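Chain by chain, the residues:
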Amino acid sequence: MQWRSFVLEANAILKVLTIRRIVNAIRVVCFYVLSRITGKIYLGYKPMAVSIEPTSICNLKCPECPTGAGVLNRPRGQMELKQYEVLLGQLGPQLMYLNLYVQGEPMMHPQFAEMVLLARKQGYYTSCSTNGHFLSSGVAEKLVEADMTRLIFSVDGLTQDSYQKYRVGGDLSKVIDSIKNVVEAKRRKKRRFPIVVMQFLVFEHNEHELDGIRQLAKSLDVDKLELKSAQFNSFAQGGVKPPVNNSLNRYVEGQSKVVKGSLRNHCWRQWHSAVITWNGALSPCCFDKDATHAFGNVFDTDFQTLNKSEISFDFKDLIINDKKAIAMCLNCTEGRSFLP
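Since the model is a prediction, treat every value here as computed from it, not as a measurement.

Criteria and thresholds
Residues numbered from 1 in each chain as written. Predicted model: local features only at pLDDT ≥ 70, side-chain atom pairs only at ≥ 80, totals over all residues. Heavy atoms only, no water. Salt bridge = Lys/Arg side-chain N within 4 Å of Asp/Glu carboxyl O. Helix = DSSP H or I, 4+ residues; strand = E, 2+ residues; numbered from the N terminus. Buried < 20%, exposed > 50% of the residue type's maximum accessible area, 1.4 Å probe, protein only. Contact = heavy atoms within 4.5 Å. Phe/Tyr/Trp six-rings, centres within 6.5 Å; stacked < 30°, edge-to-face > 60°.

Participant: Just to check I follow, could you spell out the pattern of salt bridges for this structure?
Facilitator: Once their charged atoms are close, side chains differing in charge can pair, the charge on each being opposite to the other. Applying the stated rule across the entire model yields 19 salt bridges. For the salt bridge of R4 with D223, the shortest nitrogen-to-oxygen distance reads 3.0 Å. With a gap of 219 residues between them, R4 in helix α1 (residues 2-16) and D223 in the loop between α8 (210-220) and β6 (224-229) connect regions that are remote in the sequence. You can call R4 partly exposed: its relative accessible area is 33%. Measuring nitrogen to oxygen at the nearest pair gives 2.8 Å for the salt bridge that ties R120 to D147. Of the two residues, R120 is situated in helix α4 (residues 112-121) and D147 in the loop between α5 (137-145) and β4 (150-154); the sequence distance between them amounts to 27 residues. Looking at R120, the relative accessible area reads 17%, which means it is buried.

Here it is in structure tokens:
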């Protein structure tokens, strides 16, 4: 299964490579390395990857998610297709990877398949993470026909009782049916994409199900199974706990919410990617849930102007010189060193 996924991923990346994207990627790497070495910020490129939020609305109430927990402070809504088309024009041909997910359930956007199709016409690698409750056979067929690259299903339990412990309000049988719909649509259309990934967030209540979830992934004929350590937040009211197995836990054993590894003054995400909310806020990363650190709005000012703005510059300068001063970075694994 994992080998098949590796071959598909390699093929997908090769398909989107162009001279312009390769040159831009080299510039991104060089400017990042130069900034790390000198402690000064060097910009002048476009990100290789961007996440766009189709909608911030979700049908589930996952306790460690700000949307599900009802603590997301910014407005709820969905991006208009015309705005999305304008935004794709701003991102340009240098962009390589487009993730159609930030907060919310992207499949709740009524024109999600059209969004994928428009991105694929630009030659972008397209990815999305879904809770799998809105993928009828018809929607699955549209996504396959749109040539979506990667589709991640959240399946965090082997039984309904285990699954709904975190995916509050969810129905495991619907998720399984959605996966089957996509796999069958690929088979029927004789397509290799999207790469179907089954993602399993590991908690204390479901870590005993790892062998069973591997068997389920195999029986569903998905392309890849990903085990992911769960992120915990200060706003949560409990209900789920980190796994007992310390190797499956991103936090220091016995120290709740203290991420493993030393926090270092660098972050690759700040140079190679960006996040855009449904209403146009350009944020530095997906950990900025409320777009508190937004550089501006892409529907008011061009994306690249904001990307190279003084606000963007100052934020990256803080990352390089005093990262611990940014509260959201304390709960992130990016840029951490696991060496003494």
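Participant: What is the right way to read the side chain of E209 from this model?
Facilitator: In this fold, E209 is placed in the loop between β5 (195-202) and α8. With residues near it in sequence (within four places) discarded, E209 still touches G157, L158, T159, S162 and F200.

Participant: Quick question: what am I supposed to make of the packing of aromatic side chains here?
Facilitator: The relation between two aromatic rings is expressed through the spacing of the ring centres and the mutual angle of the planes. A full pass over the atoms with the stated rule returns nine aromatic pairs. Judged by centre distance (4.8 Å) and plane angle (20°), the rings of Y97 and Y125 are stacked. Note that Y97 is positioned in strand β2 (residues 97-99) and Y125 in strand β3 (residues 125-130), a separation of 28 residues in sequence. When its relative accessible area of 4% is taken as the criterion, Y125 is described as buried. By way of ring pairs, the aromatic residues Y166, F203, F232 and Y251 are connected into one cluster.

It is worth stressing that arrangement in space is one thing and function is another; only the former is reported here.
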